[in-house]
Structures are given as C-alpha cells and as structure tokens.
Amino acid sequence: MRILIAEDEPVSRQLLQNSLLEWGYEVVAARDGQEALTILEQADRPSLAVLDWMMPGADGPEICRWLRSCENDSYVYVILLTARNQEGDLVRGLESGADDYMVKPFNPEELKYRLRIGQRIIEQEQKILRLASTDDLTGLLTRRAFMERMESEMHRMRRENGMMGIIIGDIDFFKTVNDTYGHLVGDLVLQHFAQCLQENCRTYDYVGRYGGEEFIIGVPGAGLLETTEIAERIRNMVQNTSIPLPGRDEVIKITASFGVDAVNLRNGNEYMAEELINHADEALYLAKARGRNCSIIYSRADMQ
Ligand SMILES: [Mg+2]
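Residues numbered from 1 in each chain as written. Predicted model: local features only at pLDDT ≥ 70, side-chain atom pairs only at ≥ 80, totals over all residues. Heavy atoms only, no water.

Within the protein one finds ten helices and twelve strands. The C-alpha radius of gyration of the protein comes to 25 Å, more than 25% above the 19 Å expected for a compact globule of 304 residues. Taking the principal axes of the C-alpha coordinates as reference, the protein spans close to 75 × 50 × 30 Å. On the protein, roughly 15800 Å² of surface is accessible, and the fraction owed to carbon and sulfur atoms is 50%. Distance between charge centres in the protein, computed from 33 positive and 49 negative side chains, equals 2 Å. (Helix = DSSP H or I, 4+ residues; strand = E, 2+ residues; numbered from the N terminus. Rg over C-alpha atoms; globule rule 2.2 N^0.38 Å. Areas by Shrake-Rupley, 256 points an atom, 1.4 Å probe, with all protein chains shown as cover. Lys, Arg positive; Asp, Glu negative; His and termini not counted. Charge placed at Lys NZ, Arg CZ, Asp CG, Glu CD.)

Next comes the structure, spelled out in structure tokens:
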C-alpha cells in the first residue's frame, strides 16, 4: 500500500520514510503542503497519508479540510503529526477531518500499529466499493460504475485530444431463451455473453452490464473504424460459440446486435458520455430493426 508523507523537516521526513519502507509500505514524500496537495489531486493518489501539522504551503489541517470537501473521491485516511500537545489542538486537528493524531516525538512502533488500523479501514472501503460496482451475475461493472468510469475516461480523452468509442450489445431473442429453457439457463447465457465481450475487447476497454441482456463497452482512444472492428469481432465470436447446457447433451447458439458510435474529443469538444451512449443505443435499435445479428454505426445523417 502507498503512503504519502508530508513533512517539511528533512531529518524527520527521512526517518519516517525509512520506517515506512521497513514496514513494507511504498512511500511518496512531499516536502511541504503544496507538494502534498499536488500529490493528493492525482487520480492514483495514496489512500493513507501522514501529514505534519506545521508546513509551508498548506498545513496539515488545511489539507485535511480540502480532502474532506472532495465528496466523490476515494477516501484518504489521515494521521496528523504535530509537536503541539494541548487539548484544544487535538480537537482542532480532528475537527479538520483527520482520522488520527500523534504528538511528536512519537514511538515508531505506535505509528506502525496506527497505520495498520488505517490500512484495514481503507481495505474494507475498497472491498465494499468493488462489490458495489460489480454486477453479481457477470462480474462486469454495474451501470452506475460504468457511467462513472465513462465520465472520467471522456474527461481524460478531452485532455489528451483523443477519441472515445462506445459499443452497446444486446442478445437477440433473449426472451425466447428464458421462455424455452428457464431463467437458470438464461443466466448462463448472460454469463457466456459477458465473457465473450470481455475476452474480445482490448485490455484497457471496460465492459458493463447496462440492463437485462444489454451490455456496454467503453473503447477509449478508438475512432469509429476501430470501435466497429471490435464490435464485429465480438459479434462473430458470439455467433460461432456454442453454449453447452449443463446436464444435457445439447448446446445453445445465440446471436447479438450491436450499436456503435465514436467521437473525437479534440479541441475541448464538450460531447457528453450520455449523448454518446444514446447514439449507440439508437444504432442498436436500428440493428434490431434491420434483422439483428449485425453492427450498426450511428450515422449523424440517417438518424437525426
Ligand atoms: Mg513541520
């Protein structure tokens, strides 16, 4: 686990860093409050922080207050370090949003165990988040988790002047599968389809279950051509796969229809994730209307 140490005093910082490394943590060190804030603004920021109270740039409590004001970000567990030891200071430190507080000079062993508490809390939080963002049946992202990911990827692509592709896929005649074989087999088919999506997109694409038998793939950095190629690869794989029925000498074959769109986010194009998804959804509707088992690209000319 990574830990941020923010301490302006070089000797203390080095001692702290040595101890944390010895205890098996990965350390990111900041020399003042400003550096600490810069590190905490990054998307992959550490989840544990040991912050000195008195630092130039921004002090420990200021950093805590800032952290607690960012509601939607992942939790950072904060231990404040300070030479102060008056009761009022303790209250002020905790009021700012710190989780724990240690007075310098402190016993390193004590810090070690207090960090363990923080680590346990962070790990629990991550576990809960993982469970909440995963669809039980397929192991894919839930719709909400997908949307969150999509928003942040669009944001990133806008910054990088990149493209963003989207694929919505829907199993054809899924209701017939359920009606003929029952819901357990229906679930099995959904799992197979989900696996097929995941195995036939690129490692950095992300797949979500959008609703019932409708699935969605975010394809960052890809234009229409590449996104359509991925959709077609999946579609072919789906139609060529036989799903064995458990306990029976029988297989099920399915097909799926796909709607595709992509957008160029160059020059601060304010295109929204929802818009892109609506387009792919419209294209999917057309794929169903045109006989299913095909991929249709959203066309700005046809569909407006
Ligand atoms: Mg200091």
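Now that the structure has been shown, the text picks up again.
To continue, consider the coordination of the magnesium ion. Donor atoms from the polypeptide that coordinate the magnesium ion comprise Asp 8 (OD), Asp 52 (OD) and Met 54 (O), at 2.0 to 2.2 Å from the metal. Sequence spacing of the donor residues for the magnesium ion, all on one chain, is D-x43-D-x1-M. Placement of the pair is Asp 8 in the loop between strand 1 (2-6) and helix 1 (10-22) and Met 54 in the loop between strand 3 (48-52) and helix 3 (60-69), with a sequence separation of 46 residues. On the accessibility criterion, Asp 8 (31% relative accessible area) is partly exposed. (Donors = N, O, S within 2.8 Å, 3.2 Å for Na, K, Ca; no water. Buried < 20%, exposed > 50% of the residue type's maximum accessible area, 1.4 Å probe, protein only.)

Counting 29 residues, the largest nonpolar core has Val 189, Phe 193 and Ile 254 as the members making the most contacts within it. No other element matches helix 8 (residues 183-200), which puts seven residues into this core. When residues no more than four places from it in sequence are discounted, the contact partners of Val 189 are Ile 171, Phe 174, Val 177, Ile 243, Ile 252 and Ile 254. (Core = buried A, V, L, I, M, F, W, Y, C linked by side-chain atoms within 4.5 Å. Contact = heavy atoms within 4.5 Å.)

Turning our attention to the pattern of salt bridges. Applying the stated criterion to the full structure yields 19 salt bridges. Across the pair Arg 114 and Asp 100 runs a salt bridge, and its minimum N-O distance is 2.7 Å. One end of the pair, Arg 114, is in helix 5 (residues 108-132); the other, Asp 100, is in strand 5 (residues 100-103), with 14 residues separating them in the sequence. Residue classification places Arg 114 among the partly exposed residues on the basis of a relative accessible area of 23%. (Salt bridge = Lys/Arg side-chain N within 4 Å of Asp/Glu carboxyl O.)

Here we come to the packing of helix 7 (residues 174-181) against helix 8. At a minimum axis distance of 7 Å, the contact between helix 7 and helix 8 shows a crossing angle of 140°. The orientation of helix 7 relative to helix 8 falls into the category oblique. When helix 7 is examined against helix 8, the residues Phe 174, Val 177, Asn 178 and Tyr 181 are found in contact with a partner set consisting of His 183, Val 185, Gly 186, Val 189 and Leu 190. Of the residues assigned to the contact of helix 7 with helix 8, the class counts are six nonpolar, three polar and no charged. (Axes fitted to C-alpha atoms, helices over the stretch in contact; angles between N-to-C directions. Parallel < 35°, antiparallel > 145°, perpendicular 65-115°, else oblique. Nonpolar A, V, L, I, M, F, W, Y, C, P; charged D, E, K, R; others polar.)

Moving on, we get to the sheet that holds strand 4 (residues 77-82). The parallel open sheet is built from five strands, whose spatial order is 2-1-3-4-5. Either end of the sheet is taken by a strand with one partner, and the two such strands are strand 2 (26-30) and strand 5. Averaged over neighbouring strand pairs, the angle between their axes works out to 20° when direction is ignored. Two elements, strand 4 and strand 5, share four bridges in a ladder whose sense is parallel. Residue pairing for strand 5: Ile 79 is matched across the bridge by Asp 100. Each of strand 1 and strand 2 touches helix 2 (residues 33-41); the most contacted strand, strand 2, lies at about 135° to it. Set on the sheet, helix 3 makes contact with strand 3 and strand 4; between it and strand 4 the angle comes to about 165°. (Pairing = 2+ DSSP bridges.)

Before going further, it helps to examine the packing of aromatic side chains. Across all of its chains, the model carries four aromatic pairs by this definition. On the basis of an interplanar angle of 40° and a centroid distance of 5.3 Å, the ring pair of Phe 146 and Tyr 206 is categorised as tilted. Here Tyr 206 lies in strand 7 (residues 206-211) and Phe 146 lies in helix 6 (residues 143-159), a separation of 60 residues in the sequence. Note on accessibility: Phe 146 and Tyr 206 belong to one class, buried. With 6.4 Å between their ring centres and 35° between their planes, Phe 193 and Phe 258 make a pair best called tilted. Of this pair, Phe 193 sits in helix 8 while Phe 258 is found in strand 11 (residues 256-264), placing the two residues 65 residues apart along the sequence. (Phe/Tyr/Trp six-rings, centres within 6.5 Å; stacked < 30°, edge-to-face > 60°.)

In this section: the environment of Ile 121. Inspection of the secondary structure assignment puts Ile 121 in helix 5. On a C-alpha basis, the gap between Ile 121 and Ala 287 in space is 47 Å, while along the polypeptide they are 166 residues apart.

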